[in-house]
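# Notes for the structure review
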Amino acid sequence: MSRFFYPTLAWNNLKKNRKTYIPYILTCIGTIAMFYMMVFISGNQGLEEIPGVEVLQLLLNLGSYIIGIFSVIFLFYTNSFITKQRQKEFGLYNILGMEKKHIAKMITWEAFYVAVFSLVVGLITGIVVSRLMFLLLMKLLTFEIPFTTLISMQPLLSTVILFSVIFLLTLLNNLRHIHLSKPIELLKGGEVGEKEPKTKWLIVLIGIIALSTGYYIALATESPLAALNKFFLAVLLVIIATYALFTAGTIALFKMLRKNKSFYYKTNHFISVSGMIYRMKQNAVGLANICVLSTMVLVMLSSTVCLYIGMEELIKNRYPKEIAVTTYDVQPEDLAVMEELIQEGANDLALTIEKPHYYYYKELQVIKNGNEFVSGAGMGYGADIGMIVLIPLSEYNRMENRSEQLAEDEVLLYTFRGEEIQDSITMFDQTFTIKEQLPDLQVDGIASAMILDSFNFVIVPDEETIRELDPTDAEGYNAYYGFDVDGDVDNEIALPGQLTEKLKAAKMVGHAEGAEESKEIFYSLYGGLFFLGIFLGTLFIMATVLIIYYKQISEGYQDKNRFEIMQKVGLSKAEIKKSIRSQVLLVFFLPLFAAVVHILFAFNVITKLLEALNLTNVGLFAMCTAGVIIIFAVLYLLVYLLTAREYYRIVSKN
């Protein structure tokens, strides 16, 4: 036997099964290129010039790990489709005299061809496209950073090692499958009959409970802190429910459709429903995978697009004034000293101060119980932790240009976050009547960045009341001084650092920060999130398309003989096509429908998470979500049209 026999046979097999292997190889190339690009960009030395590079590199490294882990799981999953599809072929080789060790040599050469071709083309694609992706990242970050190198050895080695291990593990798994299978089992392949699956009502019940609980958590979440605490639990419950309801619930659904005689006893419905009952056990996991991946795409892209588009509004929420100076443990008279230092710093940089806004206050961490607040100092962050800011009436009247008056037991209340308190408020065992709920109040933007369930500003009659309420007995106050500036942008960026140094020199504890100074860090964070969302969204879409494709192809080959028999007994091609359309529509769009329902129920909790990131524009997120759903649905429809046509070609081929 020629030593080139197995390499040649393997090459011919790949060509013969190209309809199955080409999508798999393209996916391998895509994941290899994406992993290389992510590792390459995260290690590019040009990023070191970006403010907030640590956060950006953390996001990019996280993306590399996600792509690597996902590649292992997904390539194993898709490889199982190919192995199952070729069972009959391997069985035939075995029956004709080829021993299992010879089949092993053949599939080893096939795996070698696939691995080498995928790695070479994937790395070349990654190297070529990496510059474009780097430029896209810089565009999203609004920075001009030099592209330091075209090829880097570390990303190359990491990519080759990871995917060589993946290809080796898939090969070993295929060899194990061939070794353990009997020739007759391989020859029969997917033709082995299945008993009608039982309706597993316990799993259906678990799915319903998990889904209801997950949806309830998402809908009942009322604050950003609660969203952070409960979001991943809700996600886990919905994923469990998705797999439970697709594996057991769909069988129950099809059996109920079968009992509906007016629906079931129609040619197209009869064929599709009866067929899906028997095949739902193996299809359900694939459908659940499609649903979970689709939901991940919708959530990831809608939230990251919203954050990026709403960047300017987000920065405005965080910095209502262009420059914010905060000091701690000061007295009211120290505000004049602060003002002198700020004016001096602005003059040094030829900047003009505009629209100054300042006040002193006492900030207390509390535990909220209805309209009652008790000391929460040292309690950390929990579901009932809040913040109360006490401002004396005289300071409020000055900062808001009002002449309000309060009795000793009266307060004004501005609820920045959380449920509004009606009529009265109890703070540290003292009860006050709420004279007025303030509709608005100019406050330090740092309040928007504090992830708390409740945040209330309380205007009290005088400083004496503050001293009585303060459980810490601290004599000092916090002071906020915010203002806009007119002048050179570079000087504006330099001003906060200079003011912080001046405060330190004056023996005052505090710091200064600015919108322009922080804008670069915000763009590093949210631009990086958007870039990561695009990358991972593309990866998950690619995975979804491939799962759908293999699902349709494998179903087509399973149905081929059945439809041939039906044609022979008088079923026309038009009736076959109508039946195919009914079957595909019944099942194909179920994952998309479920994914849309998932994101609609998750809408509330995601808005709370975005609020924790300073984005409060619910309307913007709604528009981004709707846009992403529409675009994804169009792509999903195109995949449906292509795969349904391929499915029909298989089942109707003579």
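Refer to the structure presented above.
Predicted, not measured: the structure shown is a model, and the values here were computed from it.

A word on the overall build of the protein. Assigned secondary structure in the protein consists of 21 helices and 10 strands. A total of 654 residues make up the protein; the buried ones form 52% of that total. Restricting to contacts in the protein with at least 6 residues of sequence separation, those with at least 24 account for 84%. Accessible surface, the protein as shown: approximately 30,700 Å² in total, 62% of it carbon and sulfur.

Turning next to the packing of aromatic side chains. With the rule as written, the count across this model stands at 28 aromatic pairs. On the numbers, 5.0 Å between centres and 65° between planes, the contact of F70 with F540 is edge-to-face. Remark: F540 occurs in helix 18 (residues 515-568) and F70 occurs in helix 3 (residues 53-85); sequence separation between them is 470 residues. Residue class for F70 comes out buried when judged on its relative accessible area of 15%. Seen from their ring centres, Y215 and F601 are 3.9 Å apart, and the 0° between their planes marks the pair as stacked. Of the two residues, Y215 is situated in helix 8 (residues 201-220) and F601 in helix 20 (residues 590-612); the sequence distance between them amounts to 386 residues. Among the residues examined, Y215 registers a relative accessible area of 11% and is labelled buried. What links up through ring pairs into an aromatic cluster is the set W11, W109, F112 and Y113. R318 extends its terminal NZ or CZ atom over the ring of Y319, reaching a point 4.6 Å from the ring centre. Taking the ring centre of Y477 as reference, the NZ or CZ of K362 above it sits at 5.0 Å.

Unlike most non-glycine residues, A350 shows phi in positive territory, near 55°. Mapped onto the secondary structure, A350 falls in the loop between helix 13 (334-348) and strand 2 (352-369). Positive phi, close to 70°, is recorded for D423, a residue that is not glycine. By relative accessible area, which is 63% here, D423 ends up exposed.

The next thing to look at is the nonpolar core. Membership of the largest hydrophobic core comes to 96 residues, with the highest contact counts inside it found for Y24, F167 and F531. The element contributing the most residues to this core is helix 18, with 18 residues. With residues up to four places along the chain from it excluded, the contact list for F167 reads Y24, C28, I32, V114, A115, S118 and L119. Residues I421, I466, Y477 and F483 belong to the second largest nonpolar core, which totals 39 residues.

This part takes up the packing of helix 13 against helix 17 (residues 489-505). At a minimum axis separation of 10 Å, helix 13 and helix 17 run at an interaxial angle of 135°. On the basis of the axis angle, helix 13 is oblique to helix 17. Considering how the two elements wind past one another, helix 13 and helix 17 form a crossing that is right-handed. Residues L341, I342, E344, G345, A346 and D348 of helix 13 pack against L495, Q498, L499, K502 and L503 of helix 17. Tallied by class, residues from the contact of helix 13 with helix 17 come to six nonpolar, two polar and three charged.

In this section: the pairing of strand 4 (residues 385-392). A large share of strand 4 lies buried, amounting to eight of its eight residues. Here strand 4 shows no split at all, with I385, M387, V389 and I391 on one side and G386, I388, L390 and P392 on the other all buried. Summarising the sheet, strand 2 and strand 4 pair through six bridges and their orientation is antiparallel. For Q365, the partnering residue across the bridge sits in strand 4 and is M387. Bridge count between strand 4 and strand 8 (residues 454-460): seven bridges; the pairing is parallel. Paired with L390 across the strands is V458, a residue of strand 8.

With that settled, consider the environment of F74. Structurally, F74 is set in helix 3. Among the residues examined, F74 registers a relative accessible area of 4% and is labelled buried. Remark: the alpha-carbon pair of F74 and A543, spanning 469 residues in sequence, is separated by 7.4 Å. Apart from residues no more than four positions distant in its own chain, F74 is found in contact with T27, A543, L546 and I547.

The next subject is a negative patch on the surface. On the surface, E408, D409, D462 and E468 cluster together into a patch of negative charge. Note that E408 resides in the loop between helix 14 (393-400) and strand 5 (410-417).

Next up on the list: the side chain of K321. Residue position: K321 is located in the loop between helix 12 (311-318) and strand 1 (323-330). Although K321 lies buried, it forms no salt bridge, and the closest oppositely charged side chain, D484, sits 4.4 Å away as judged by the N-O distance. Setting aside residues up to four positions removed in sequence, K321 forms contacts with K355, H357, Q442, Y480, G482, F483 and D484.

Rules used throughout
- Residues numbered from 1 in each chain as written.
- Predicted model: local features only at pLDDT ≥ 70, side-chain atom pairs only at ≥ 80, totals over all residues.
- Heavy atoms only, no water.
- Helix = DSSP H or I, 4+ residues; strand = E, 2+ residues; numbered from the N terminus.
- Buried < 20%, exposed > 50% of the residue type's maximum accessible area, 1.4 Å probe, protein only.
- Contact = heavy atoms within 4.5 Å.
- Areas by Shrake-Rupley, 256 points an atom, 1.4 Å probe, with all protein chains shown as cover.
- Phe/Tyr/Trp six-rings, centres within 6.5 Å; stacked < 30°, edge-to-face > 60°.
- Lys NZ or Arg CZ within 6 Å of the ring centre and 35° of its normal.
- Core = buried A, V, L, I, M, F, W, Y, C linked by side-chain atoms within 4.5 Å.
- Axes fitted to C-alpha atoms, helices over the stretch in contact; angles between N-to-C directions.
- Parallel < 35°, antiparallel > 145°, perpendicular 65-115°, else oblique.
- Left-handed = near helix turned anticlockwise from the far one by under 90°.
- Nonpolar A, V, L, I, M, F, W, Y, C, P; charged D, E, K, R; others polar.
- Pairing = 2+ DSSP bridges.
- Patch = residues over 30% accessible without salt bridge, like charges linked within 9 Å, V, L, I, M, F, W, Y side chains within 5 Å.
- Salt bridge = Lys/Arg side-chain N within 4 Å of Asp/Glu carboxyl O.
- Lys, Arg positive; Asp, Glu negative; His and termini not counted.
- Charge placed at Lys NZ, Arg CZ, Asp CG, Glu CD.

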